[in-house]
Amino acid sequence: MVVIKKAVLPVAGLGTRFLPATKANPKEMLPVVDKPLIQYAVEEAIQSGITELIFVTGRNKRSIEDHFDKNIELEASLMASNKNFLLESIRSIIPSHVKCIYVRQSEPLGLGHAVLQSKKIINDEPFAVLLADDLTDANTPVLKQLITQYQKEQASVIAIEDIPKEKTVQYGIVNVNSAKDNLYKINFIVEKPQPKDAPSTLGVIGRYIFNPEIFDCLEKIKPGQGAEIQLTDAIQMLLSQQSIFAYQFEGKRYDCGDKLGFMKANVEFSKKHPEIGKEFIAFLKSVS
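Residues numbered from 1 in each chain as written. Predicted model: local features only at pLDDT ≥ 70, side-chain atom pairs only at ≥ 80, totals over all residues. Heavy atoms only, no water.

Trainee: What is the right way to read the confidence of the model for the protein chain from this model?
Mentor: Low pLDDT means the predicted atomic positions in that stretch should not be read closely. Per-residue pLDDT for the protein chain has a mean of 92; in total, 100% of the residues score no lower than 70. Within the protein chain, helix H4 (residues 84-91) has the poorest average pLDDT of any element, 81, and strand E6 (residues 127-130) the best, 98. (pLDDT = per-residue confidence, 0-100. Helix = DSSP H or I, 4+ residues; strand = E, 2+ residues; numbered from the N terminus.)

Trainee: Looking at this model, I keep getting lost on the packing of helix H3 (residues 72-80) against H4. Mind explaining?
Mentor: Two packed helices can be described by the angle between their axes and the distance between those axes. Here H3 crosses H4 at 155°, and the two axes come no closer than 8 Å. Comparing the axis directions of H3 and H4 gives the class roughly antiparallel. The way H3 lies across H4 gives a crossing that is left-handed. Contacts from Leu 74, Glu 75, Leu 78 and Met 79 of H3 reach H4 at Leu 86, Leu 87, Ile 90 and Arg 91. Of the residues that constitute the contact of H3 with H4, the class distribution is 6 nonpolar, no polar and 2 charged. (Axes fitted to C-alpha atoms, helices over the stretch in contact; angles between N-to-C directions. Parallel < 35°, antiparallel > 145°, perpendicular 65-115°, else oblique. Left-handed = near helix turned anticlockwise from the far one by under 90°. Contact = heavy atoms within 4.5 Å. Nonpolar A, V, L, I, M, F, W, Y, C, P; charged D, E, K, R; others polar.)

Trainee: Help me out: how do you make sense of the pattern of salt bridges in this one?
Mentor: Any two side chains of opposite charge can pair if their charged atoms end up close together. Counted under the stated rule, the structure contains 12 salt bridges. Put simply, Lys 6 and Glu 125 hold a salt bridge, and the shortest N to O gap is 3.1 Å. Placement of Lys 6 in strand E1 (residues 6-10) and of Glu 125 in the loop between helix H6 (119-122) and E6 is noted, with a sequence separation of 119 residues between them. Residue Lys 6 is classed as buried on the basis of its relative accessible area of 8%. By relative accessible area, which is 26% here, Glu 125 ends up partly exposed. The closest approach of N and O atoms between Lys 27 and Asp 133, which form a salt bridge, is 3.0 Å. Residue Lys 27 is located in the loop between E1 and strand E2 (31-32), and its partner Asp 133 is located in the loop between E6 and strand E7 (134-137); the two are separated by 106 residues in the primary sequence. Exposure class is identical for Lys 27 and Asp 133. Each is buried. Sharing partners across several salt bridges, the network here consists of Asp 134, Glu 161 and Arg 253. (Salt bridge = Lys/Arg side-chain N within 4 Å of Asp/Glu carboxyl O. Buried < 20%, exposed > 50% of the residue type's maximum accessible area, 1.4 Å probe, protein only.)

Trainee: Is there a simple way to think about the packing of aromatic side chains in this case?
Mentor: Two aromatic rings are characterised by how far apart their centres lie and by the angle between their planes. For the coordinates displayed, the defined rule picks out 9 aromatic pairs. Between Phe 18 and Phe 262, the ring centres sit 5.5 Å apart and the planes meet at 75°, which makes this aromatic pair edge-to-face. Of this pair, Phe 18 sits in the loop between E1 and E2 while Phe 262 sits in helix H10 (residues 259-272), and the two are 244 residues apart along the sequence. Across this residue pair, the class does not change: Phe 18 and Phe 262 are buried. Centre to centre, the rings of Phe 280 and Phe 283 are 6.2 Å apart; their planes meet at 35°, and the pair counts as tilted. Of this pair, Phe 280 and Phe 283 both sit in helix H11 (residues 277-287), 3 residues apart, roughly one helical turn. Taken together, Phe 127, Tyr 208, Phe 210 and Phe 215 form an aromatic cluster joined through their ring pairs. It is Lys 272 that lies over the ring of Phe 269; its NZ or CZ is 5.4 Å from the centre. (Phe/Tyr/Trp six-rings, centres within 6.5 Å; stacked < 30°, edge-to-face > 60°. Lys NZ or Arg CZ within 6 Å of the ring centre and 35° of its normal.)

Trainee: Sorry if this is basic, but what is going on with the packing of H10 against H11 here?
Mentor: Taken N-terminus to C-terminus, the directions of H10 and H11 make an angle of 125°; their axes are 6 Å apart at the nearest point. Between H10 and H11, the angle falls in the class oblique. Mapping the contact onto sequence places Val 267, Ser 270 and Lys 271 in H10 and Gly 277, Phe 280, Ile 281 and Leu 284 in H11. Its residues assigned to classes, the contact of H10 with H11 shows 4 nonpolar, 2 polar and 1 charged.

Trainee: Would you mind showing me how to read the nonpolar core here?
Mentor: Note on soluble globular proteins: their nonpolar side chains tend to be buried together. If you look at the biggest cluster of nonpolar residues, it comprises 46 residues, and the most contacted ones within it are Ile 38, Val 42, Leu 53, Phe 55 and Leu 135. In terms of residue count, the dominant contributor to this core is helix H1 (residues 37-47) (7 residues). Not counting residues within four places of it along the chain, the set of residues in contact with Leu 53 comprises Ala 7, Leu 9, Val 42, Ala 45, Ile 94, Val 98, Lys 99, Cys 100 and Ile 101. Within the second largest apolar cluster, 35 residues are counted, among which are Phe 127, Val 129, Tyr 184 and Ile 229. (Core = buried A, V, L, I, M, F, W, Y, C linked by side-chain atoms within 4.5 Å.)

Quick look at the structure:
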């Protein structure tokens, strides 16, 4: 059985939808309650068996590296103050068996280009891609669900959800065969079609498992929408060579690349937070 141990986390985007908050602070570091978005994605990856995290970074992203690095001064201060719970919370962000690697995307040439920067590190292995903008909440981590499907099919698998038809212009949309246990074989995929042109309402979200042949496609495709190297175009090219599956995952996803989705995530995660949950629910009831 192939074991997937490497995950790519593209974090080089500019985060323009959250300006001015993201002028100097990466959007991936925006907090949902008390953890930044990127930490939720990292936790999902680790819970899914990933041991090598490859961050594709850009300018003004140093705080992401700092977040996952040791902070000796802070740890010493917490230890001296006997704040052991907080000390453990920062020490456990990256377990000792997990390795972090940082690769620079020198130009913002699209998601496909960002993924391509990890080629030499992936080294001809199947691998995962997680986008921190998509915050998921599931009993079984969504990435782990995809890995299970990959191990059954030995083929690339991408996560999908049914979206409102008017929002197809925001997603890659798949045309599929009938499902078996939420798993569809993809016929073709298109990037952000108009609702009248969309082949379905099954939109791709930011969780993928790829066979390494995706890199050959990323190197061959020409720039697409926005003069960027589109991951969707590479997936379509790979479809001409091998089967790719779409999995309608179990759980909920919050689009935290969108202000409303980000605020919804903060509300829902606050309600479940062990420290503030009960008081926050009472507050919501008091203002409803």
